[in-house]
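# A closer look at the structure
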Amino acid sequence: MIVDAHQHFWYYNTQKHAWINDEMAVLKRNFLPTDLQAVYQKNGIDACVAVQADQSEAETDFLLELAEEYDFIKGVVGWVDLCSEQIEERLAYYTQFPKLKGFRHVVQDEPDPEFMLGTHFSEGLSLLSKYNFTYDILIFPTQLEAAIKTVQRLPNQKFVLDHIAKPYIKKGAIDAWKKHIRKLASYPNVYCKVSGMVTEADW
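Rules used in this analysis
- Residues numbered from 1 in each chain as written.
- Predicted model: local features only at pLDDT ≥ 70, side-chain atom pairs only at ≥ 80, totals over all residues.
- Heavy atoms only, no water.
- Buried < 20%, exposed > 50% of the residue type's maximum accessible area, 1.4 Å probe, protein only.
- Helix = DSSP H or I, 4+ residues; strand = E, 2+ residues; numbered from the N terminus.
- Pairing = 2+ DSSP bridges.
- Right-handed = clockwise from strand over helix to strand, strands pointing away.
- Axes fitted to C-alpha atoms, helices over the stretch in contact; angles between N-to-C directions.
- Parallel < 35°, antiparallel > 145°, perpendicular 65-115°, else oblique.
- Left-handed = near helix turned anticlockwise from the far one by under 90°.
- Contact = heavy atoms within 4.5 Å.
- Nonpolar A, V, L, I, M, F, W, Y, C, P; charged D, E, K, R; others polar.

## Considerations on the pairing of strand β2 (residues 47-51)
For β2, the tally of buried residues reaches five of five residues, placing the bulk of the element in the interior. Across the two faces of β2 the burial is the same, with Ala47, Val49 and Val51 and Cys48 and Ala50 all buried. In the sheet, strand β1 (residues 3-7) pairs with β2 via three bridges, with the strands oriented parallel. If you follow glutamine 7 over to β2, its bridge partner there is alanine 50. Handedness of the crossover is the feature at issue here: the chain leaves β1, passes through helix α1 (residues 33-43), returns alongside β2, and the resulting connection is right-handed. Alignment of β2 against strand β3 (residues 73-78), held across four bridges, turns out to be parallel. Its bridge partner being in β3, valine 51 is matched across the sheet by valine 77.

Shown next, in the form of structure tokens:
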């Protein structure tokens, strides 16, 4: 089986999807499973993992509904407020959905390069393994050091690095990224998606 490990679905909204700038204007429209099925059939792709693109539980529920309707969506990486005082209650609630595999936060948009090391966020992360959920790391290279420290602190948590931490391919500035990515790769609880590189390159 060939699985597309990182797929987004959305009803395009200028506020929710503000990260889509004018350079990526081709993405400013709805993308739904019916759009994708023909592409998969043409290219021999059997299934996908749907990943959150909006930071709300409504987004998680939306993806779970799509996964219920379309069997080729085999897994969902949703969003939950890891800083919430009710985080354990929410994680327990989400265990009822077998296609929900893990969660993600758009850390790349957080101004603090050490956001992942924050007390409340770290506490939320530490609970994911208890409920057998993965965590997708979405960061820029400047946040790799914090990601390494996070992975060190939580050896029983499975992490998935999205987009190989978005190296600065267009600028050709990859030396620091290379150093840190090698360090991160040394931990057995970290997996990596080689995805999304076109958007980081010189178009």
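Read on, since the account is not over.
## Some thoughts on the packing of helix α3 (residues 87-94) against helix α4 (residues 119-128)
Here α3 crosses α4 at 30 degrees, and the two axes come no closer than 10 Å. Taken together, α3 and α4 sit at an angle that is classed as roughly parallel. Remark: the crossing between α3 and α4 carries right-handed chirality. Across the interface between the two elements, Ile87, Glu88 and Leu91 from α3 touch Gly124, Leu127 and Leu128 from α4. By residue class, the composition of the contact of α3 with α4 is four nonpolar, one polar and one charged.

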